[in-house]
Amino acid sequence: MFLTKTAHLDHTTQHAAQRLSTLLSFFSLGLSTAAWAPLIPYAQQRLHLNHADFGTLLLSIGAGSMLAMPATGLLIQKVGCRVIISIAVLLLLMVLPTFALSSSIVTMSIALFLFGTAAGSLGVAINLQAVIVEKNSAKSMMSQFHGMCSLGGLTGVMTVTALLAVGVSPLMSALAICSLLVILSVIAVPNSLSVIEKEQKTDSAEVESKTRKLPSPLIILMGLICFIAFLSEGSAMDWSGIYLINEYGVKPALAGLAYTCFAIAMTSGRFAGHYLIKTLGEKNIIIYSAICAALGLFTVVMAPHWIVALLGYVLLGLGCSNIVPVMFSRVGRQNVMSKAAALSCVSTMAYTGSLLGPALVGISSEVMGLTVVFAFIAALLSMIALLNHFTQVKAS
């Protein structure tokens, strides 16, 4: 009896440690990727690039992520989450200072490629870990995990924006983020999942007869919804500052306010996600979220003053906050593909929207302008309400 109780306590402690590790890993992803947003106007000016050229340069991020995410889906079953997370964090620590220093297009392109590789791999690893931890805890936790990513993003963008506003150099601002990332990693990495074969083998046995070389339509639709949501988030992160500068003449040191407002709203919405889903229902929360996000981006497009544009970014953040967590929870509950394969596919599509999408925004905006591109993305967001009908998965 005593041994049984002790084993239960050890099991509970282990799950608590894994939950903390997952929370901190999501925070680290948001922190490191969002810290890049306030540095973008400085990088564009330092490299003397227009929208199209800078957008082309950002394709390096998408290239890195597109190569890394499918490979991570295969490797993670062999090496576990811990190894992937460790390598990804090391890459992020290497490239963040480079963003604040490099005046060479080649060097910046390599750094952005590694940035995409690290962010993509880290995203796949921690989302798979989140699915396993959520399944073991037998309660909804995905909104909380993604809420920590948004909180990390909020912390990163606010910290760098504040440091730049008081005169701290971009390099020292980036190093401050790196220092915090090291502290978080020392706590999170040791408790990450080192072995996931057992969970994935069980899952594969359940769906072996349904496994296909190509993703099922259900998984593709989930990935498409996540792509649109992450495209909106990536556009807010990479282009909101430039949009405020170009359209309203806002000073570069204050340009990060747009993404700050977006991140605050998204963080609040995700931490309230469990309550909202329980109150409104999973199907309705996607519909209302899509409408809110589309309305927010249309507000940004039509805003007569930059303060009104900030309000639009608040609505966009609230709307986007729970779309992706709900979709990842559905991926964890579906039985048409193995969890690792499905998560790799959806993560690839999702983070492609965040990492490759902004590059396409830059290229397109040189032809038709950021305002028209943002209006098109708002139209895509409204489509999520329709696509939601075809991605329903019963609760387990």
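Residues numbered from 1 in each chain as written. Predicted model: local features only at pLDDT ≥ 70, side-chain atom pairs only at ≥ 80, totals over all residues. Heavy atoms only, no water.

**Side note on the overall build of the protein chain**
Right, on to step 1. Assigned secondary structure in the protein chain consists of 16 helices and 0 strands.
Right, on to step 2. Taken over C-alpha atoms, the radius of gyration comes to 20 Å for the protein chain, in line with the 21 Å a tight globule of 396 residues would show.
Right, on to step 3. When burial is assessed residue by residue, the protein chain has 56% of its 396 residues classed as buried.
Right, on to step 4. Accessible surface, the protein chain as shown: approximately 16,000 Å² in total, 71% of it carbon and sulfur.
Right, on to step 5. Of the charged side chains in the protein chain, 20 are positive and 13 negative; the average position of the first set lies 8 Å away from that of the second. (Helix = DSSP H or I, 4+ residues; strand = E, 2+ residues; numbered from the N terminus. Rg over C-alpha atoms; globule rule 2.2 N^0.38 Å. Buried < 20%, exposed > 50% of the residue type's maximum accessible area, 1.4 Å probe, protein only. Areas by Shrake-Rupley, 256 points an atom, 1.4 Å probe, with all protein chains shown as cover. Lys, Arg positive; Asp, Glu negative; His and termini not counted. Charge placed at Lys NZ, Arg CZ, Asp CG, Glu CD.)

**Considerations on the packing of helix H8 (residues 217-248) against helix H13 (residues 323-333)**
Right, on to step 1. Closest axis-to-axis distance for the H8/H13 pair is 9 Å, and the angle between their directions is 160°. Classed by the angle they form, the pair H8 and H13 counts as roughly antiparallel. In terms of crossing hand, the pair formed by H8 and H13 is left-handed. Residues Met 222, Ile 225, Cys 226, Ala 229 and Phe 230 of H8 lie in contact with H13, whose contacting residues are Ile 323, Val 324, Met 327, Phe 328, Arg 330 and Val 331.
Right, on to step 2. Of the residues contributing to the contact of H8 with H13, the split by class is 10 nonpolar, no polar and 1 charged. (Axes fitted to C-alpha atoms, helices over the stretch in contact; angles between N-to-C directions. Parallel < 35°, antiparallel > 145°, perpendicular 65-115°, else oblique. Left-handed = near helix turned anticlockwise from the far one by under 90°. Contact = heavy atoms within 4.5 Å. Nonpolar A, V, L, I, M, F, W, Y, C, P; charged D, E, K, R; others polar.)

**Brief notes about helix H16 (residues 370-387)**
Right, on to step 1. Between its first and last C-alpha, H16 extends 26 Å over 18 residues, near the 26 Å set by a 1.5 Å rise per residue.
Right, on to step 2. Within H16, burial applies to Leu 370, Val 373, Phe 374, Ile 377, Ala 378, Leu 380, Leu 381, Ile 384 and Leu 387. Buried residues along H16 cover an arc of 160° about the axis, so they all sit on one side. The exposed residues of H16 that point more than 90 degrees off its buried face are Phe 376 and Leu 386. (Expected span 1.5 Å × (residues − 1). Arc of directions from axis to C-beta.)

**What about unusual backbone geometry?**
Right, on to step 1. The phi torsion at His 48 lies on the positive side, around 55°, for a residue other than glycine.
Right, on to step 2. Using a relative accessible area of 70% as the deciding quantity, one classes His 48 as exposed.

**Notes on the environment of Met 158**
Right, on to step 1. Along the polypeptide, Met 158 turns up in helix H5 (residues 142-165).
Right, on to step 2. Considered as a pair, Met 158 and Gly 123 are 35 residues apart in the sequence and their alpha carbons are 22 Å apart.

**Re the state of the cysteines**
Right, on to step 1. Summed over all chains, the structure comprises 0 disulfides.
Right, on to step 2. There is no disulfide at Cys 292, and the cysteine sulfur nearest it, in Cys 320, is 8.6 Å away.
Right, on to step 3. Judged by its relative accessible area of 21%, Cys 292 falls in the partly exposed class.
Right, on to step 4. The thiol of Cys 345 is not disulfide-bonded; the next cysteine sulfur, from Cys 226, is found 10 Å away. (Disulfide = S-S within 2.5 Å.)

**Concerning empty space enclosed by the protein**
Right, on to step 1. All told, the structure shown has 3 cavities of 30 Å³ or more when counted by the stated rule.
Right, on to step 2. Estimates place the volume of the largest cavity at around 250 Å³.
Right, on to step 3. Lining of the largest cavity is provided by 20 residues; of these, Thr 33, Cys 149, Glu 233, Tyr 351 and Ser 354 occupy positions nearest its centre.
Right, on to step 4. Looking at the lining of the largest cavity, the elements that each hand over two or more residues are helix H1 (2-34), H5, H8, helix H9 (257-271) and helix H14 (339-355).
Right, on to step 5. Class assignment for the residues of the lining of the largest cavity results in 12 nonpolar, 6 polar and 2 charged.
Right, on to step 6. Estimated volume of the second largest cavity: approximately 90 Å³. (1 Å grid on protein atoms, 1.4 Å probe; cavity = no way out; pocket = protein on both sides within 12 Å on 5 of 7 lines; lining within 4 Å. Points joined across faces, edges and corners; volume = space filled by probe spheres on them.)

**Quick look at helix H11 (residues 282-302)**
Right, on to step 1. For H11, spanning 21 residues, the distance from its first C-alpha to its last is 31 Å, which sits close to the expected 30 Å at 1.5 Å a residue.
Right, on to step 2. Taken together, the buried positions of H11 are Ile 285, Ile 286, Ser 289, Ala 290, Ala 293, Ala 294, Gly 296, Leu 297, Thr 299, Val 300 and Val 301.
Right, on to step 3. Contacts made by the buried residues of H11 are with H8, helix H10 (273-280), helix H12 (306-320), H13 and H16.

**Describing a nonpolar patch on the surface**
Right, on to step 1. A contiguous nonpolar surface patch, about 500 Å² in accessible area, is contributed by Leu 20, Leu 180, Val 182, Ile 183, Val 186 and Ile 187.
Right, on to step 2. Take the nonpolar patch: its biggest share by element is 5 residues, from helix H6 (residues 170-188).
Right, on to step 3. Looking at where Val 182 falls in the secondary structure, it is placed in helix H6.
Right, on to step 4. A relative accessible area of 38% means that Val 182 is categorised as partly exposed. (Patch = residues over 30% accessible without salt bridge, like charges linked within 9 Å, V, L, I, M, F, W, Y side chains within 5 Å. Salt bridge = Lys/Arg side-chain N within 4 Å of Asp/Glu carboxyl O.)

**Regarding the nonpolar core**
The tendency in soluble globular proteins is for nonpolar side chains to be buried as a group.
Right, on to step 1. Counting 124 residues, the largest nonpolar core has Trp 36, Phe 99, Tyr 259, Tyr 313, Leu 316, Phe 374 and Leu 381 as its most contacted members.
Right, on to step 2. Among the elements that make up this core, the one with the highest residue count is helix H3 (residues 51-101) (16 residues).
Right, on to step 3. Aside from chain neighbours lying at most four places away, what touches Tyr 259 is Ala 34, Ala 37, Gly 153, Val 157, Glu 233, Ala 236, Met 237 and Ser 240. (Core = buried A, V, L, I, M, F, W, Y, C linked by side-chain atoms within 4.5 Å.)

**Some remarks on the pattern of salt bridges**
Right, on to step 1. Across all of its chains, the model carries 2 salt bridges by this definition.
Right, on to step 2. The closest approach of N and O atoms between Glu 282 and Arg 330, which form a salt bridge, is 2.8 Å. Of the two residues, Glu 282 sits in helix H11 while Arg 330 sits in helix H13, which places them 48 residues apart along the sequence.
Right, on to step 3. Judged by relative accessible area, which is 21%, Glu 282 ranks as partly exposed.
Right, on to step 4. Relative accessible area serves as the criterion here: at 0%, Arg 330 is assigned to the buried category.
Right, on to step 5. Between Glu 282 and Arg 333 there is a salt bridge, with its nearest N and O atoms 3.0 Å apart. Highlighted residues: Glu 282 in helix H11 and Arg 333 in helix H13, separated in sequence by 51 residues.
Right, on to step 6. A network of salt bridges, in which partner residues are shared, links Glu 282, Arg 330 and Arg 333.

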